[in-house]
Amino acid sequence: MERKNDHHRIFEGTVVSDKMQKTIVVRVDRIVMHPKYKKRYRVSKRYKVHDEKGQYHTDDHVQFIECRPLSKEKRWRVV
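The following refers to the structure shown. Since the structure is predicted, the reported quantities are computational estimates derived from the model, not experimental observations. (Residues numbered from 1 in each chain as written. Predicted model: local features only at pLDDT ≥ 70, side-chain atom pairs only at ≥ 80, totals over all residues. Heavy atoms only, no water.)

Some details on the side chain of Asp-51
Part 1 of the reasoning: Here Asp-51 shows up in the loop between β3 (40-50) and β4 (61-66).
Part 2 of the reasoning: Among buried charged residues, Asp-51 stands out as having no salt bridge; its nearest opposite-charge side chain is Lys-53, 8.1 Å away.
Part 3 of the reasoning: A distance of 3.2 Å separates a polar atom in the side chain of Asp-51 from the backbone nitrogen of Gln-55.
Part 4 of the reasoning: The residues touching Asp-51, leaving out its near neighbours within four places in the chain, are Lys-22, Thr-23, Ile-24, Tyr-56 and Val-78. (Helix = DSSP H or I, 4+ residues; strand = E, 2+ residues; numbered from the N terminus. Buried < 20%, exposed > 50% of the residue type's maximum accessible area, 1.4 Å probe, protein only. Lys, Arg positive; Asp, Glu negative; His and termini not counted. Salt bridge = Lys/Arg side-chain N within 4 Å of Asp/Glu carboxyl O. Polar contact = N/O pair within 3.5 Å; in protein donor to acceptor, adjacent residues only side chain to side chain. Contact = heavy atoms within 4.5 Å.)

This is the structure we're talking about:
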């Protein structure tokens, strides 16, 4: 039984690496505002995402969801 979206976080990002087997690295950008100076700036974070079929490649736009730990660093899978 596959549960969708009850308490799982969903992110969107751009694939920056597809060199591993069944794993892609996805960069998620977000805009934050400096608390004092009120300037907006971009912050990015990279996630290791499970891609079972290996269908996504560099520069693809993907959506991924939180799941159980699949390895030491992988806790996400492609939707």
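Quick notes on the nonpolar core
Part 1 of the reasoning: In terms of nonpolar packing, the biggest core is built from eleven residues, these being Val-15, Ile-24, Val-26, Val-28, Tyr-47, Val-49, Tyr-56, Val-62, Phe-64, Trp-76 and Val-78.
Part 2 of the reasoning: Sorting the residues of this core by element identifies β2 (23-33), β3, β4 and β5 (76-78) as the ones contributing at least two each.
Part 3 of the reasoning: The leading source of residues in this core is β2, at three residues.
Part 4 of the reasoning: Setting aside chain neighbours within four positions, we find Val-26 in contact with Gly-13, Thr-14, Val-15, Lys-45, Arg-46, Tyr-47, Val-49, Val-62 and Phe-64. (Core = buried A, V, L, I, M, F, W, Y, C linked by side-chain atoms within 4.5 Å.)

Digging into unusual backbone geometry
Part 1 of the reasoning: For Lys-38, which is not glycine, the phi dihedral falls at a positive 60°.
Part 2 of the reasoning: If you check the backbone angles, Asp-59 has positive phi at about 75° while not being a glycine.
Part 3 of the reasoning: Among the structural elements, Asp-59 can be located in the loop between β3 and β4.

Describing the environment of Leu-70
Part 1 of the reasoning: Tracing the chain through its elements places Leu-70 in the loop between β4 and β5.
Part 2 of the reasoning: For Leu-70, a relative accessible area of 33% corresponds to the partly exposed category.
Part 3 of the reasoning: Residues Leu-70 and His-50, 20 residues apart in the sequence, show an inter-C-alpha distance of 8.0 Å.
Part 4 of the reasoning: The contact partners of Leu-70, leaving out residues within four places of it in the chain, are His-50 and Trp-76.

Remember that the coordinates give geometry; whether it matters functionally is a separate question.
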